[in-house]
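Here is how the chains run, residue by residue.
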Amino acid sequence: MIKVTCAIIIKHDLILAVQRSGKMKMPFKWEFPGGKVEEQEDETLCIQREIKEELNVEIRILDRLSPATHDYGTFTIQLIPFIATIISGELLLQEHQAHRWLTKDELWDLDWAEADVPVVQEFLTRNT
Ligand SMILES: Nc1nc2c([nH]c(=O)n2[C@H]2C[C@H](O)[C@@H](COP(=O)(O)OP(=O)(O)OP(=O)(O)O)O2)c(=O)[nH]1
């Protein structure tokens, strides 16, 4: 199983979502930024590293949601979600093709990667 961290980044009442590019696995799906946990790597250090690499910003972790396991058929991931805010840097997408800052009501408008569906659900349950 592949462990993947992701960050639900909040600015005021808006939530950041990023769209995978046409060249990536699961092209054009929306997800929370993040990536694979390296061997022996601490999960909170992983999410901070991945966000710096993908978005060029530093984050502060505020909270953690329940890990969500999803079987994509050819591989299974455990998605480990954090809630975070940006503390410094200017947002510059390094890998993704688009980003959106969404209200809670708009979250279901996106075509999410399947593993993210329970994460979005839990986030909304806790925040409505
Ligand atoms: N970062 C991130 N990845 C997610 C989410 N939901 C989800 O299914 N994934 C999947 C996509 C990838 O298969 C994997 C994360 O891998 P990655 O971001 O480090 O690398 P990648 O897309 O380049 O994948 P790969 O081609 O190297 O296998 O987890 C999510 O919300 N955030």
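Residues numbered from 1 in each chain as written. Predicted model: local features only at pLDDT ≥ 70, side-chain atom pairs only at ≥ 80, totals over all residues. Heavy atoms only, no water.

> Please explain the side chain of Gln19 as it appears in this structure.
Looking at where Gln19 falls in the secondary structure, it is placed in strand β2 (residues 14-19). For Gln19, the side chain forms a polar contact with the side chain of Gln97, separated by 2.8 Å. (Helix = DSSP H or I, 4+ residues; strand = E, 2+ residues; numbered from the N terminus. Polar contact = N/O pair within 3.5 Å; in protein donor to acceptor, adjacent residues only side chain to side chain.)

> Is there a simple way to think about the UniProt feature "domain: Nudix hydrolase" (unreviewed entry) in the protein chain in this case?
With numbering matched to this structure, UniProt assigns "domain: Nudix hydrolase" (unreviewed entry) to residues 1-124. Taken as a whole, residues 1-124 contains 17% helix and 40% strand, while its terminal C-alpha atoms sit 26 Å from one another. (UniProt positions renumbered as here; feature names shortened; annotations may be inferred.)

> Is there a simple way to think about the site of the ligand in this case?
Inspection of the region around the ligand gives 17 residues, with Arg20, Lys25, Phe32, Tyr72 and Asp116 positioned closest. Between the ligand and the protein, one listed contact pairs an oxygen atom with a side-chain N or O atom of Lys25 at 2.7 Å. A total of 610 Å² of accessible area belongs to the ligand in isolation, and the protein chains cover 81% of it. Using a 2 Å cut-off from the grid points, one finds that the ligand occupies the largest pocket. At the level of secondary structure, the elements contributing two or more residues to the shell around the ligand comprise β1 (2-11), β4 (34-36) and β7 (76-88). Here the residues of the shell around the ligand sort into 10 nonpolar, two polar and five charged. (Near = heavy atom within 4 Å. Areas by Shrake-Rupley, 256 points an atom, 1.4 Å probe, with all protein chains shown as cover. 1 Å grid on protein atoms, 1.4 Å probe; cavity = no way out; pocket = protein on both sides within 12 Å on 5 of 7 lines; lining within 4 Å. Sits in = over half its atoms within 2 Å of the grid points. Nonpolar A, V, L, I, M, F, W, Y, C, P; charged D, E, K, R; others polar.)

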